[in-house]
Amino acid sequence: MDKNTQDELKKEAAKVAADKVQAGSVLGVGTGSTVKFFIDWLGERKEKEGLTLKHIVTTSSRSKKQLESYGFKVDELADVDEVDLTVDGADRVDSQLNGIKGGGAALTLEKNVAVNSKKNIWIVDESKVVDHLSGFKLPVEVLPVSCMQVKKRLEKEGLNPEFRMNGNQKLTTHYGNYILDLDVSPIPVPAGLADYLDHTVGVVEHGLFLNICDEVIVAKSNGTIQEIKR
Ligand SMILES: O=C(CO)[C@H](O)[C@H](O)COP(=O)(O)O
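If you're wondering where the values come from, they're calculated on a predicted model, not measured in any experiment.

(A) Looking closely at the UniProt feature "active site" (unreviewed entry) in the protein chain. According to UniProt, the feature "active site" (unreviewed entry) maps to Glu110 in the numbering used here. Position of Glu110 among the secondary structure elements: in helix 4 (residues 107-115). Those residues in contact with Glu110 that lie beyond four places of it in its chain are Gly30, Thr31, Thr59, Asp88 and Lys101.

See the structure below:
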């Protein structure tokens, strides 16, 4: 699929999600190129119908800046009790609505916002939808202090970790950590791997988002929108 077509699909999925946002609610806004379109649609609703929200929290400085450019005030997650709805993108989503996220290295904040949301909607084009989680390296955020030891441990498990780079330097996340991308495809038992990573000292967070998403809005190249609910 070429980039223009993919962008058109992302835009379509984003519109369907933006129309579901209720005025006066607490909204979580994720990260990425699909979410960028979602914010544009929110901005349009604000302009056309004066959409206001009780609070907005977001998972990246880029999304924050874009939201503010439309006149939305952005709060911190710590300032709100609970989020009513979070809309985010995903890198892969399977038939159980489990996913891989973190292509934009924002997985830690994304997971914290997602698990504190009453409802999570993901917006994707059809290229992200798979039967079993595969075709995208699994991002794992690790503390710099023990990153070499964690990398070795993951190597021994056959998970093929590589540091994500930014030029010649290891990419640094919002929290000053590093990302190890695990080359394992398909992921044979996602819940087992998530459990292992959850219990590995030095791992801050990982991009397996299991049993978190409630609804996926998929824009298909035949022009239709599929809404898959848990
Ligand atoms: O998880 C993410 C960032 O950490 C994004 O949601 C994911 O990478 C999808 O991005 P895009 O909409 O640009 O394809």
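(B) Expanded view of the site of the ligand. The full set close to the ligand counts 17 residues, and Gly32, Thr34, Gly89, Gly103 and Gly104 are the nearest of them. Breaking the shell around the ligand down by element, the ones donating at least two residues are helix 2 (33-49) and helix 4.

(C) Here's a closer look at the nonpolar core. Ranked by size, the top nonpolar core spans 60 residues in total, and within it Ala13, Ala17, Phe38 and Ile123 carry the most contacts. Looking at which domains feed residues into this core, each of domain 1 (3-129 + 210-221) and domain 2 (138-206) supplies at least three. Apart from residues no more than four positions distant in its own chain, Ala13 is found in contact with Thr34, Ile123, Val124, Asp125, Ile217, Val218, Ala219 and Ile225.

(D) Here's a closer look at the domain arrangement of the protein chain. Here the protein chain is partitioned into domain 1 (3-129 + 210-221) and domain 2 (138-206). Distance from the C-alpha centre of domain 1 to the C-alpha centre of domain 2: 25 Å. Across the contact, 10 residues belong to domain 1 and 14 residues belong to domain 2. If you tally residues by element for the side of domain 1 that touches domain 2, the top one is helix 4, at 4 residues.

(E) Layout of the packing of helix 1 (residues 3-20) against helix 2. Two elements in contact, helix 1 and helix 2, have axes whose closest approach is 8 Å; the angle formed by their N-to-C orientations is 45°. With respect to their mutual orientation, helix 1 and helix 2 come out oblique. Crossing hand, helix 1 versus helix 2: right-handed. Contact residues: helix 1 offers Lys10, Lys11, Ala13, Ala14, Lys15, Ala17 and Ala18, while helix 2 offers Ser33, Thr34, Phe37, Phe38, Trp41, Leu42 and Arg45. The residue inventory of the contact of helix 1 with helix 2, partitioned by class, reads 8 nonpolar, 2 polar and 4 charged.

(F) Seen up close, the packing of helix 2 against helix 3 (residues 61-69). Orientation of helix 2 relative to helix 3, taken along the N-to-C sense of each, is 15°, at an axis distance of 10 Å. Classified by the interaxial angle, the pair formed by helix 2 and helix 3 is roughly parallel. Crossing angle aside, the handedness with which helix 2 passes helix 3 is right-handed. Residues Val35, Lys36 and Ile39 of helix 2 touch helix 3, and the partners they reach there are Ser63, Gln66 and Leu67. Considering only residue class, the contact of helix 2 with helix 3 consists of 3 nonpolar, 2 polar and 1 charged.

Definitions and limits used
- Residues numbered from 1 in each chain as written.
- Predicted model: local features only at pLDDT ≥ 70, side-chain atom pairs only at ≥ 80, totals over all residues.
- UniProt positions renumbered as here; feature names shortened; annotations may be inferred.
- Helix = DSSP H or I, 4+ residues; strand = E, 2+ residues; numbered from the N terminus.
- Contact = placed C-beta atoms within 7 Å.
- Near = placed C-beta within 6 Å.
- Core = buried A, V, L, I, M, F, W, Y, C linked by C-beta atoms within 7 Å.
- Buried ≥ 20, exposed ≤ 12 C-beta atoms within 10 Å, placed from the backbone.
- Domains from an automatic or database assignment.
- Axes fitted to C-alpha atoms, helices over the stretch in contact; angles between N-to-C directions.
- Parallel < 35°, antiparallel > 145°, perpendicular 65-115°, else oblique.
- Left-handed = near helix turned anticlockwise from the far one by under 90°.
- Nonpolar A, V, L, I, M, F, W, Y, C, P; charged D, E, K, R; others polar.

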